[in-house]
Structure formats: C-alpha cells, structure tokens
Amino acid sequence: MKRDKIVAGNWKMNLGLDEGMELVEKLAKAYTHHEPRMVVIPPFLHALAVQNYLQSVHSPIEVGVQNCHQETKGAFTGEISASMIRSCRIPFVVLGHSERRQYFAETDALLAQKVKAALGQGLIPIYCVGEPLTVREGSGQNDFVAHQLEKGLFHLSPEQFKEVVIAYEPIWAIGTGVTASPEQAQDMHAFIRHRIAIHYSEAVAAATRILYGGSVKGSNARDLFVQPDVDGALVGGASLDADDFLRIASSI
Ligand code: PEP
C-alpha cells in the first residue's frame, strides 16, 4: 500500500507576518514537488495570507492551521470554526497537539468533537498523540497512546477515519532536542497501525498516514524516514528555518 508522504511544519506562535511571508517565499521558490506533500502551519492570523500567496504562485505547498473549535458558529469569542477554515480553502488542521492538551486543558472527549467538526467540513485533521516522559520511563507508552486513539478517534466510521493523519509525538521529544530513536518511532508507529487494524481493518491500517514528531531536523530525518511505518514528520522548531525544513523534506 502506497501512502502519501507528508512533511508538515508547525510554526506555533512564532514569526511576525513579514518573517512568515519571507519563510514561505523561500520555501515556494525552492520546493516544486508534490511528493512528499509539504504543509506549512502558520498562526491563524497569517494563514490566509500564506494560503493566498502560495495559490498565486501555483505552489504545491499546502497550508494548515493549529486548532479549530468544535462548533460551527456562534458566541465563542476568540475562536475559529472548521467551516471558517474551510471557507479560506485551507485543507489541514492540527488537533490534539500536546501543548493544547497541556496548556489549554483539551481532553480526548473534546478532541473527539473537534475531529468530527473538522471532518464534517472536509478538512484533514493531523491528530497528535504521544506520551510524557514519566509514562515512557514506566514503559506505559503503548497503553497511553492506545487510550488516546480510542477516546479521540475510534468513534469515527472507517470512511471518516481514512481521512485522518496521525502524528506520534512523544512529549519528551518535543522541543527538547531529544529525538526518539528510529527504533522507538518504528515500534510505536507499528503499534498504532496494529490498533487501527484491530479496530477497523488491515486495509484501513495500511492506508493510514502516521507522521513522527519530536525534534526532527535535517540531520536526523533520513534515519526516521527509512522506518517502514514512518510516513513523514510533523516538525516544530526546524520548520522555522527554510533550509533545514527543505532538507527534512528531501530526506524522504
Ligand atoms: C511539535 O511541536 O509538533 C514538534 C514536533 O516540535 P519540535 O520539532 O520543535 O520538537
């Protein structure tokens, strides 16, 4: 089964508009491929300018945002709905990032609603799972991630689930410079695929795109990408540097 390869850059709450546009202009000049799919994920406020620019230069680079609200519209000051994202022709939305879970108290139950809202608008959720260090130290990572999958995603029908991209991001590897070893990443990706096969089917599991995230850089990407169940990366810090992000994309 040939799966899409994806390299997605989560800018988080970084870069002013000019800096973000400069970064995306550099990427668009250098990156003209469709494989791997390259996705940039700016802050909400800048996402439409980035999307309009990329369309105007006919770039294959796609755009995502970092969150969405679970309701379609209404009195939710400061929030952005999946239908608003859709109306900007932005295809991807990151959901369940560990920073949203940790700092904004997003639970699996809430995320289950957000995933449904995103899919209902035809968006592609990049759904993050991953264990904290204490859980890894106690060898509880498989149970932890299995629980996140069950509560956050397994309410979806097989047809809905097939649209979801999963990102395995061990929390101890995010922004720390400590990457999971290629073997640790492969073991968890194979485990996630196995859980999907049990819940849905072998065919759905084989079609699911599973990205690795956590201190991916140009210098370590290739060793991760040669693992059979690693279909690309969700990149934080290194996606703010055009050369490093391009190097990651060219490592697939
Ligand atoms: C992330 O926050 O999704 C991430 C993977 O960050 P970093 O690459 O900086 O570890």
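Scope of this entry: the structure provided in the associated data block. (Residues numbered from 1 in each chain as written. Predicted model: local features only at pLDDT ≥ 70, side-chain atom pairs only at ≥ 80, totals over all residues. Heavy atoms only, no water.)

1. Some points on the overall build of the protein chain
Then step 1. Looking only at helices and strands, one finds twelve helices and eight strands in the protein chain.
Then step 2. For the protein chain, the C-alpha radius of gyration of 17 Å lies close to 18 Å, the compact-globule estimate for 252 residues.
Then step 3. The C-alpha extent of the protein chain, read off along each of the three principal axes, is 45 × 45 × 35 Å.
Then step 4. In the protein chain, which comprises 252 residues, the share counted as buried stands at 52%.
Then step 5. Sequence-distant contacts, at least 24 apart, represent 73% of the contacts inside the protein chain between residues at least 6 apart.
Then step 6. Working note: accessible area of the protein chain is about 11,200 Å², and carbon and sulfur atoms make up 53% of it.
Then step 7. Averaging the locations of the 23 positively and 28 negatively charged side chains of the protein chain gives two centres separated by 4 Å. (Helix = DSSP H or I, 4+ residues; strand = E, 2+ residues; numbered from the N terminus. Rg over C-alpha atoms; globule rule 2.2 N^0.38 Å. Buried < 20%, exposed > 50% of the residue type's maximum accessible area, 1.4 Å probe, protein only. Contact = heavy atoms within 4.5 Å. Areas by Shrake-Rupley, 256 points an atom, 1.4 Å probe, with all protein chains shown as cover. Lys, Arg positive; Asp, Glu negative; His and termini not counted. Charge placed at Lys NZ, Arg CZ, Asp CG, Glu CD.)

2. A closer look at the site of the ligand
Then step 1. Surveying the vicinity of the ligand reveals 13 residues, the closest of which are Lys12, His97, Glu169, Gly175 and Ser215.
Then step 2. Here Lys12 contributes a side-chain N or O atom positioned 2.5 Å from an oxygen atom of the ligand.
Then step 3. Contact between the ligand and His97: an oxygen atom at 2.7 Å from a side-chain N or O atom of the residue.
Then step 4. When the ligand is considered free in solution it has 290 Å² of accessible area, and contact with the protein chains removes 95% of it.
Then step 5. In the shell around the ligand, the residues fall into four nonpolar, seven polar and two charged. (Near = heavy atom within 4 Å. Polar contact = N/O pair within 3.5 Å; in protein donor to acceptor, adjacent residues only side chain to side chain. Nonpolar A, V, L, I, M, F, W, Y, C, P; charged D, E, K, R; others polar.)

3. Here's the deal with the pairing of strand 5 (residues 124-129)
Then step 1. Within strand 5, six of the six residues are buried, leaving the element largely enclosed by the surrounding structure.
Then step 2. Here strand 5 shows two buried faces, one formed by Ile124, Ile126 and Cys128 and the other by Pro125, Tyr127 and Val129.
Then step 3. Examined bridge by bridge, strand 4 (residues 92-95) and strand 5 share four bridges and lie parallel to one another. Across the sheet, residue Leu95 finds its bridge partner in strand 5, namely Tyr127. (Pairing = 2+ DSSP bridges.)

4. Side note on the pattern of salt bridges
Then step 1. Across all of its chains, the model carries 14 salt bridges by this definition.
Then step 2. Among the salt bridges present, the one from Asp4 reaches Arg37, with a minimum N-O distance of 2.9 Å. Residue Asp4 is located in the segment before strand 1 (6-10), and its partner Arg37 is located in strand 2 (residues 37-41); the two are separated by 33 residues in the primary sequence.
Then step 3. Among the residues examined, Asp4 registers a relative accessible area of 32% and is labelled partly exposed.
Then step 4. Between Asp231 and Lys5 there is a salt bridge, and its shortest N-O distance comes to 3.8 Å. With Asp231 in the loop between helix 11 (221-225) and strand 8 (232-235) and Lys5 in the segment before strand 1, the pair connects residues that are 226 residues apart, well separated along the chain.
Then step 5. Classification of Asp231 by relative accessible area gives buried; the value is 0%.
Then step 6. Overall, the relative accessible area of 23% leaves Lys5 in the partly exposed class. (Salt bridge = Lys/Arg side-chain N within 4 Å of Asp/Glu carboxyl O.)

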